[in-house]
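Understanding the architecture of this molecule
Given next are the chains, with one letter for each unit.
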Amino acid sequence: MELALKTAEVQLKQLQKQLKTTKVLAPFSGVVTKKMVDLGSMVMPGTPIIELTDISQLKLAISVPERDIMKVKKGQNVQVEVDAHHLNLSGSIYSISVQADAMHNFKVQVLVNNSAANKIFAGMYGTVRIENSAQIKALAVPRKALIGSTRNPQIYVVKNGKAVLTPFSSGTADGNYLEIVAGLKASDEIVIKGQVNLENGMNIKRNK
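Here the structure is a predicted model, which is why all the values come from computation and not from measurement.

Take the sheet that holds strand E13 (residues 202-203) next. Judged by pairing direction, the sheet is antiparallel, and its three strands sit side by side in the order E9-E10-E13 without closing on themselves. Of all strands in the sheet, those bounded by a partner on one side alone are strand E9 (154-159) and E13. Bridge count for strand E10 (residues 162-167) against E13 is two bridges, and the pairing is antiparallel. The residue of E13 that forms the bridge with Ala163 is Met202.

Right, dumping it as structure tokens:
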């Protein structure tokens, strides 16, 4: 009887240990945004069961042009406007990418504190305003007129009725336009359509 009692006690401890593993504790408070298993399913250690989203703090990802990246510092306070609510909130620079993309823009993340009064949700759009930023006017050309890559850009310029392939130095890119740093003037007439059929020095005729 004593041996049977000890055996039962060992089994009880094993069952109590197994019972503890049936409860899952989240590492932080949040909202369940995706359920990956159903009730009663058997899961193994390391198997994801839910997706938990914490919106107490959100990260706003923005692209900063090369000419302005030196104005941005980690921990710097910035103003954030949430498009959906037209709210003006305070944020801080969380991280700055050390490598630019093909458009010479750097990825920057801004950390924004959320609240019940001004609730924002993951996936919303926002705008960041940097205090030392200023509007800059620059000469630009449509990207569809570009010949070659942005590293060695060229464009056809109309000179004396001929298409002259002209290299230029590019700056930052904004949507469908590419900034001109050097090599072109505002008075230059460029080809923006049909340039795939052109060759350097070819005669061209304007469409009226």
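Right, let's get into the environment of Val181. Relative to the assigned elements, Val181 resides in strand E12 (residues 177-182). Taking the relative accessible area as the measure of exposure, Val181 reaches 55% and is therefore exposed. Separated by 36 residues in the primary sequence, Val181 and Ala145 have C-alpha atoms spaced 16 Å apart. Setting aside residues no more than four positions away along its own chain, Val181 makes contact with Ser169, Ser170 and Gly171.

Moving on, we come to the sheet that holds strand E4 (residues 77-82). Spatial ordering of the open sheet is given by E3-E6-E5-E4-E7, a layout of five strands whose pairing is antiparallel. Looking at strand neighbours, the two that pair on one side only are strand E3 (57-65) and strand E7 (126-129), the edges of this open sheet. Here the average twist between neighbouring strands, direction ignored, is 40°. Of the strand pairs in this sheet, E3 and strand E6 (residues 105-113) are connected by nine bridges, and their pairing is antiparallel. Residue pairing in the sheet places Ser63 in a bridge with Lys107 of E6.

The next subject is the nonpolar core. If you look at the biggest cluster of nonpolar residues, it comprises 18 residues, and the most contacted ones within it are Ile62, Val78, Val80, Val108, Val110 and Val128. Residue assignment for this core shows that the elements contributing at least two residues are E3, E4, strand E5 (87-96) and E6. Ignoring anything within four residues of it in the chain, the contact list for Val80 reads Leu60, Leu87, Asn88, Leu89, Gly91, Val110, Val112, Thr127 and Val128. Counting nine residues, the second largest nonpolar core, distinct from the first, contains Leu146, Ile155, Phe168 and Ile180.

What follows covers the side chain of Asn114. For Asn114, the location among the structural elements is in the loop between E6 and E7. Asn114 sits in the buried class, given a relative accessible area of 16%. One polar contact links the side chain of Asn114 to the main-chain carbonyl oxygen of Ile55, over a distance of 2.8 Å. When residues no more than four places from it in sequence are discounted, the contact partners of Asn114 are Ile55, Ser56, Gln57, Leu58, Lys119 and Ile120.

So, on to the pattern of salt bridges. All chains considered together, the criterion is met by two salt bridges. The shortest N-O distance in the salt bridge between Asp68 and Lys71 comes to 3.3 Å. Of the charged contacts, one joins Lys185 and Asp188 as a salt bridge, the two residues approaching to 3.5 Å between their closest N and O atoms.

What counts, and where the lines are drawn
- Residues numbered from 1 in each chain as written.
- Predicted model: local features only at pLDDT ≥ 70, side-chain atom pairs only at ≥ 80, totals over all residues.
- Heavy atoms only, no water.
- Pairing = 2+ DSSP bridges.
- Helix = DSSP H or I, 4+ residues; strand = E, 2+ residues; numbered from the N terminus.
- Buried < 20%, exposed > 50% of the residue type's maximum accessible area, 1.4 Å probe, protein only.
- Contact = heavy atoms within 4.5 Å.
- Axes fitted to C-alpha atoms, helices over the stretch in contact; angles between N-to-C directions.
- Core = buried A, V, L, I, M, F, W, Y, C linked by side-chain atoms within 4.5 Å.
- Polar contact = N/O pair within 3.5 Å; in protein donor to acceptor, adjacent residues only side chain to side chain.
- Salt bridge = Lys/Arg side-chain N within 4 Å of Asp/Glu carboxyl O.

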